[in-house]
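Structural features, examined
As a plain string of letters, each chain reads:
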Amino acid sequence: MGIFSSKPVDNPQVQNTRILGEYRIQREAELRLERSRAIHLARWEEARRKSQAEVTANLNVLSELALVLGEQPIYEYPVKPYQENVLSETSWEFIAKASLFKKSNKHFFSISKITSVYNIFNSLHYKLAKLKYTTIYDKGCSERFVFHGTKHEFLAEICTYNFDRSKIKAHKFGHGISFATNSYYATHYPQANQRRFDKVMIIANVLVEDTIEEGHQFMTIPNHMGYTSSNRAQSVIVKYDDHTFFPVNIVYYQGLHPQKHAGSMVYYD
């Protein structure tokens with residue numbers, strides 16, 4: 001007795017037509033995908049060319065400005081925020097900055113290391129500000145190395161963006177960026193650092209006018225003589241205009257302020 005299937009059997013022509021239709025659908029999908037990939041690749045390549053053109057243009061502008069202002073040409077873009085390098089203790093820069101630090105400091109602080117800080121943007125801004133002082137403002141000014149005590153955690157931000165006057169809350173010699181002309185004064189700031197053994201201090205290059213107005217805690221900007229104020233002894237310099245200062249070195253040092261006794265109370269100098 002034979003077994004018969006009830007499932008209809010396609011004839012060869014119908015079966016070939018179905019297979020051909022499925023192949024065409026698959027092939028059309030593959031072609032659409034290839035076209036889409038080609039379009040995306042072309043757009044990416046065009047964006048890359050435009051980006052490279054912008055990079056080249058920016059690099060040319062920065063290099064030209066750097067050369068005009070006496071800086072080294074720039075070969076990489078984007079430019080690194082800043083570079084910090086440890087100075088050799090036998091280098092002239094280390095000897096000069098260590099001498100500057102020790103000249104006005106007490107014997108109980110010792111230098112661990114000194115680094116140089118280079119930020120092309122801060123340097124260019126400073127040189128343009130100096131040019132503006134001497135040409136547009138027609139002001140007599142000098143450049144000074146001064147000190148700014150800070151915390152370890154603030155170093156990267158200061159070296160990247162420079163000192164930010166908008167973050168100053170108050171100061172008894174004026175609402176600006178304060179610098180000390182002697183390093184021992186700067187060791188007292190910030191106050192939390194006085195109890196910390198490992199400390200840091202920034203040496204900054206600052207433009208200072210020949211005539212300085214005496215500052216006070218309510219001064220937001222000097223009234224008559226420019227953009228610099230100081231205390232009466234001029235051991236503190238306060239700057240109010242941006243880009244007239246920038247960090248050039250960081251002194252990593254160790255030591256504690258000596259304790260002073262007043263009755264049963266112990267406090268720090």
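The following refers to the structure shown. Since the structure is predicted, the reported quantities are computational estimates derived from the model, not experimental observations.

Things to note about the overall build of the protein
Counting its regular elements, the protein contains five helices and eleven strands. Within the protein, the proportion of its 269 residues that are buried is 34%. For the protein, long-range pairs separated by at least 24 residues make up 73% of all intrachain contacts whose partners lie at least 6 apart in sequence. Total accessible area on the protein stands at roughly 17300 Å², and carbon and sulfur atoms take up 55% of it.

Concerning the packing of aromatic side chains
Counted under the stated rule, the structure contains eight aromatic pairs. An angle of 70° between the planes, with centres 6.0 Å apart, marks the rings of Phe 163 and Phe 245 as edge-to-face. Within this pair, whereas Phe 163 is found in the loop between helix 4 (155–161) and strand 4 (177–180), its partner Phe 245 is found in strand 9 (residues 245–254), the two being separated by 82 residues in sequence. Each member of the pair, Phe 163 as well as Phe 245, carries the same accessibility label: buried. Three or more aromatic residues joined by ring pairs make a cluster, and in this case those are Phe 101, Phe 109, Tyr 184 and Tyr 253.

Some points on a nonpolar patch on the surface
A cluster of nonpolar residues, Leu 65, Leu 128 and Leu 131, forms a patch on the protein surface that exposes about 230 Å² of accessible area. Considering the arrangement of structural elements, one finds Leu 128 in helix 3 (residues 120–134). Since its relative accessible area comes to 38%, Leu 128 is described here as partly exposed.

A closer look at helix 2 (residues 92–103)
Structurally, the α-helix is built with 3.6 residues per turn, so residues lying three or four positions apart point the same way. For helix 2, with twelve residues, the first-to-last C-alpha span of 16 Å sits near the 16 Å given by 1.5 Å per residue. Of the positions making up helix 2, those classed as buried are Phe 94, Lys 97, Ala 98 and Phe 101. The buried residues of helix 2 occupy one face: seen down the axis, they fall within an arc of 100°. Opposite its buried face, helix 2 presents the exposed residues Trp 92 and Lys 103, each directed more than 90 degrees away. Each element contacted by the buried residues of helix 2 is listed here: strand 2 (110–118), strand 3 (141–150), helix 5 (183–186), strand 5 (198–209) and strand 9.

A few points about the environment of Lys 132
The topology assignment puts Lys 132 in helix 3. On the accessibility criterion, Lys 132 (35% relative accessible area) is partly exposed. Residues in contact with Lys 132, not counting those within four places in the same chain, are Tyr 137 and Asp 138.

With respect to the layout of surface pockets
Put simply, the largest pocket is a space of about 790 Å³. If you go around the largest pocket, you meet 28 residues; those closest to its centre are His 148, Gly 149, Thr 150, Phe 154 and Ile 168. Residues of the lining of the largest pocket, tallied by class, amount to 15 nonpolar, eight polar and five charged. Space inside the second largest pocket adds up to approximately 350 Å³.

Description of the pattern of salt bridges
Think of it this way: side chains of opposite charge can pair up when their charged atoms draw near. If you walk through the whole model with that rule in mind, you get seven salt bridges. Of the charged contacts in the structure, one is a salt bridge between Lys 239 and Glu 209, with a shortest N-O distance of 3.7 Å. Highlighted residues: Lys 239 in strand 8 (residues 236–239) and Glu 209 in strand 5, separated in sequence by 30 residues. Accessibility classification places Lys 239 together with Glu 209 in one group, the buried group. The partner of Arg 232 in a salt bridge is Glu 214, and the shortest N-O contact between them spans 3.5 Å. Taken together, the residues span a long stretch of sequence, with Arg 232 in the loop between strand 7 (228–230) and strand 8 and Glu 214 in strand 6 (residues 213–214) at a distance of 18 residues. By relative accessible area, which is 71% here, Arg 232 ends up exposed. You can call Glu 214 partly exposed: its relative accessible area is 42%. Shared partners join several salt bridges into a network, and the residues in it are Glu 209, Lys 239 and Asp 241.

Let's talk about the environment of Arg 144
Here Arg 144 shows up in strand 3. Between the C-alpha atoms of Arg 144 and Phe 245, which are 101 residues apart in sequence, the distance is 9.5 Å.

Calculation rules
- Residues numbered from 1 in each chain as written.
- Predicted model: local features only at pLDDT ≥ 70, side-chain atom pairs only at ≥ 80, totals over all residues.
- Heavy atoms only, no water.
- Helix = DSSP H or I, 4+ residues; strand = E, 2+ residues; numbered from the N terminus.
- Buried < 20%, exposed > 50% of the residue type's maximum accessible area, 1.4 Å probe, protein only.
- Contact = heavy atoms within 4.5 Å.
- Areas by Shrake-Rupley, 256 points an atom, 1.4 Å probe, with all protein chains shown as cover.
- Phe/Tyr/Trp six-rings, centres within 6.5 Å; stacked < 30°, edge-to-face > 60°.
- Patch = residues over 30% accessible without salt bridge, like charges linked within 9 Å, V, L, I, M, F, W, Y side chains within 5 Å.
- Salt bridge = Lys/Arg side-chain N within 4 Å of Asp/Glu carboxyl O.
- Expected span 1.5 Å × (residues − 1).
- Arc of directions from axis to C-beta.
- 1 Å grid on protein atoms, 1.4 Å probe; cavity = no way out; pocket = protein on both sides within 12 Å on 5 of 7 lines; lining within 4 Å.
- Points joined across faces, edges and corners; volume = space filled by probe spheres on them.
- Nonpolar A, V, L, I, M, F, W, Y, C, P; charged D, E, K, R; others polar.

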